[in-house]
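Each chain, letter by letter, is given below.
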Amino acid sequence: MNMSKAKSSRDRRIALPVVTRVTRSSINPQDSRRSKPTDSGLVDDLSLMSVSEQQASLARKGKSYQSSSPSTKAVLSSSPSGSSVPRGALETIGRLMKLGRVRNIVVVAGAGISTGSGIPDFRTPGTGLYANLAKYDIPYPEAIFNIDYFSDNPHPFFSLAKELYPGHHRPNYVHYFIRMLHQKGLLLRMYTQNIDGLEKLCGIPDDKLVEAHGSFATAACHLCYTPYPAEEAKQAIMNGNVPICTFCAGAVKPNVVFFGEDLPEKYFQHAQDFPKADLLMIMGTSLKIEPFASLVNTVKSTVPRLLLNRDPVGPFERRPLRRADYMELGDLSDSVQKLAEILGWHSEIQDLMNSHETGLCSYTDPSNSSGENSDSSETDSMH
Ligand code: CNA
């Protein structure tokens, strides 16, 4: 046994700051934290009222309500002539952004933002990983990310890891839209549950990104946490071998957060970020994994929350929706592209994506002069 390595490993762990342990779990408690509005800001505008409130408001004024789409929360705005024009969730949020009333967007994302890149999510019936786990020979779907199960048998996770390891897939339009939020100076932070690394690959800088469930970028022993070279771990896994810790002989795993494991320290940045948010965009997640799922309930109740997903999830399953909640249901790429068109960003995003993906430098990116991983220090502004 290498004693000097043992000592430095122990010292390192003793030196870590003490934080309350928050582990990943699949339990999603009911949202019981609905607080009273703390400010009257944005929702005072009729254009931001919920459907039921608009109905009541219009009934009082003797007008009738008309929804623009069954899948969106339609809102009404007054045209210059005084007539009411139905407006969808995307139009409302787009309008707020264009008016400069949104400057600190927090994005909360899940596996649904990467299905467009060819990576299956967990829960979509038919195509999701949970529906296709027979080949991994596990007793129940969550076992594949269960740390105790991994301890006994790391092979199912390693088979899945082979498919998920960064390198096989490219970011899609949704990732580049989020990068554009950053370039426009509007992204306060992106919180992702994804482990595919596509956020970094599209150029969202490190300081704007919280990979709440870890990533494949680093690896360590699952028992003693001694770091292990990530590239060597990848080679072993790709070759069908189990990388072994040189200190305690435990199985090494990429630093993807399993159920029952601590979330990375960066995750706790949420305590500062969410109270500062003036818009929350929730994209492609079933909001089933705690504690991540409950983050969406930590913005002020007057802060608009926009859900872009195939189906309503989390607090968006309840009726009536919270006053400042909006959702656009359907394919995420379509919804995001519609929003980009409303904002007048669509061709800019396409140029960025084309030049980044082909390695050409035709697009002048003010936040990234050097390539894949941009520096967040410079952003342009939409205002
Ligand atoms: P999930 O539970 O599979 O939910 C995904 C959600 O996205 C569902 O509500 C889908 O309906 C929705 N969705 C999927 N594709 C689209 C689409 N094209 N348009 C609109 N909506 C869509 O996944 P979550 O992220 O909520 O679960 C958290 C897990 C999944 C995290 O711990 C991840 O580590 C894990 N995961 C990550 C990846 C990845 O990194 N790409 C892939 C698979 C699983």
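None of the values given here were measured: they were computed from a predicted structure. (Residues numbered from 1 in each chain as written. Predicted model: local features only at pLDDT ≥ 70, side-chain atom pairs only at ≥ 80, totals over all residues. Heavy atoms only, no water.)

Okay, the overall build of the protein chain next. Summing up its helical and strand segments, the protein chain has eleven helices and eleven strands in all. For the protein chain, the residues scored as buried account for 51% of the 383 residues in total. Taking contacts inside the protein chain between residues at least 6 apart in sequence as the whole, the part at least 24 apart equals 68%. Accessible surface, the protein chain: about 17300 Å² in total, of which carbon and sulfur atoms supply 52%. (Helix = DSSP H or I, 4+ residues; strand = E, 2+ residues; numbered from the N terminus. Buried < 20%, exposed > 50% of the residue type's maximum accessible area, 1.4 Å probe, protein only. Contact = heavy atoms within 4.5 Å. Areas by Shrake-Rupley, 256 points an atom, 1.4 Å probe, with all protein chains shown as cover.)

Let us now look at the pairing of strand 4 (residues 187-192). Among the six residues of strand 4, six are classified as buried, and the element is accordingly described as predominantly covered. Bridging between strand 3 (residues 105-109) and strand 4 involves five bridges; their strand directions are parallel. Note that in strand 4 the partner of Ile105 across the bridge is Leu187. Two elements, strand 4 and strand 5 (residues 209-211), share three bridges in a ladder whose sense is parallel. What sits directly across from Met190, in strand 5, is Leu209. (Pairing = 2+ DSSP bridges.)

Relative to the assigned elements, Ile237 resides in helix 8 (residues 230-238). In the structure, Ile237 is positioned 16 residues away from Lys253 in sequence and 9.2 Å away in space, judged by C-alpha atoms.

A negative phi angle characterises most non-glycine residues, just as the trans form characterises most peptide bonds. Cis geometry is adopted by the peptide bond preceding Pro291, which originates at Glu290 and carries an omega value of 5 degrees. Along the chain, the position of Pro291 falls in the loop between strand 9 (279-283) and strand 10 (305-309). Note the cis peptide between Arg319 and Pro320, where omega equals -5 degrees. Tracing the backbone through its elements, the reader meets Pro320 in the loop between strand 10 and strand 11 (325-329). You will see that Ala249, though not glycine, has its phi angle at about 70 degrees, which is positive. Structurally, Ala249 is set in the loop between helix 8 and strand 8 (252-256). By relative accessible area, which is 53% here, Ala249 ends up exposed. Even without glycine at this site, Leu287 takes up a positive phi of about 50 degrees. For Leu287, the position within the fold is in the loop between strand 9 and strand 10.

What follows covers the sheet that holds strand 8. Pairing between the strands of a sheet comes from backbone hydrogen bonds, and it takes one of two forms, parallel or antiparallel. Ordered in space as 7-6-8, the three strands form an open sheet in which the pairing is antiparallel. Across the chains shown, the open sheet's two edge strands, defined by having one partner strand only, are strand 7 (227-228) and strand 8.

So, on to the site of the ligand. Taken together, 29 residues lie near the ligand, and Arg24, Phe122, Arg123, His213 and Ser286 sit nearest. Taking Asp196, its side chain carries an N or O atom lying 2.7 Å from a nitrogen atom of the ligand. Gly284 is positioned with one of its backbone polar atoms (N or O) 3.3 Å from an oxygen atom of the ligand. For the ligand, the cavity whose grid points lie within 2 Å of the majority of its atoms is the second largest pocket. Class assignment for the residues of the shell around the ligand results in nine nonpolar, 13 polar and seven charged. Residue-level mapping places the shell around the ligand at the junction of two domains, with at least three residues from each of domain 1 (86-117 + 171-213 + 266-360) and domain 2 (120-168 + 215-256). (Near = heavy atom within 4 Å. Polar contact = N/O pair within 3.5 Å; in protein donor to acceptor, adjacent residues only side chain to side chain. 1 Å grid on protein atoms, 1.4 Å probe; cavity = no way out; pocket = protein on both sides within 12 Å on 5 of 7 lines; lining within 4 Å. Sits in = over half its atoms within 2 Å of the grid points. Nonpolar A, V, L, I, M, F, W, Y, C, P; charged D, E, K, R; others polar. Domains from an automatic or database assignment.)

What follows concerns the UniProt feature "active site" (unreviewed entry) in the protein chain. In the numbering used here, UniProt assigns the feature "active site" (unreviewed entry) to His213. Mapped onto the elements, His213 comes out in the loop between strand 5 and strand 6 (214-221). (UniProt positions renumbered as here; feature names shortened; annotations may be inferred.)

This paragraph deals with the state of the cysteines. Summed over all chains, the structure comprises zero disulfides. Of all cysteine sulfurs, the one in Cys248 lies closest to Cys221, which takes part in no disulfide; the gap is 3.4 Å. The partly exposed category is assigned to Cys248, whose relative accessible area is 32%. (Disulfide = S-S within 2.5 Å.)

We now examine the packing of aromatic side chains. Evaluation of the coordinates by the stated rule reveals 13 aromatic pairs. Ring geometry for Phe122 and Tyr130: centres 4.5 Å apart, planes at 15 degrees, overall stacked. Neither Phe122 nor Tyr130 differs from the other in exposure class; each is buried. Ring geometry for Tyr165 against Phe216: centres 4.4 Å apart, planes inclined by 45 degrees, an arrangement best described as tilted. With Tyr165 in the loop between helix 5 (155-164) and helix 6 (173-183) and Phe216 in strand 6, this residue pair connects regions lying 51 residues apart in the sequence. Comparing Tyr165 with Phe216, the two get one shared label, buried. One aromatic cluster is present, built from ring pairs that chain together Phe122, Tyr130, Phe145, Phe150, Phe157, Phe158 and Phe258. In this arrangement the basic side chain of Lys253 is found over the ring face of Phe258, its NZ or CZ atom lying 4.6 Å from the centre. (Phe/Tyr/Trp six-rings, centres within 6.5 Å; stacked < 30°, edge-to-face > 60°. Lys NZ or Arg CZ within 6 Å of the ring centre and 35° of its normal.)

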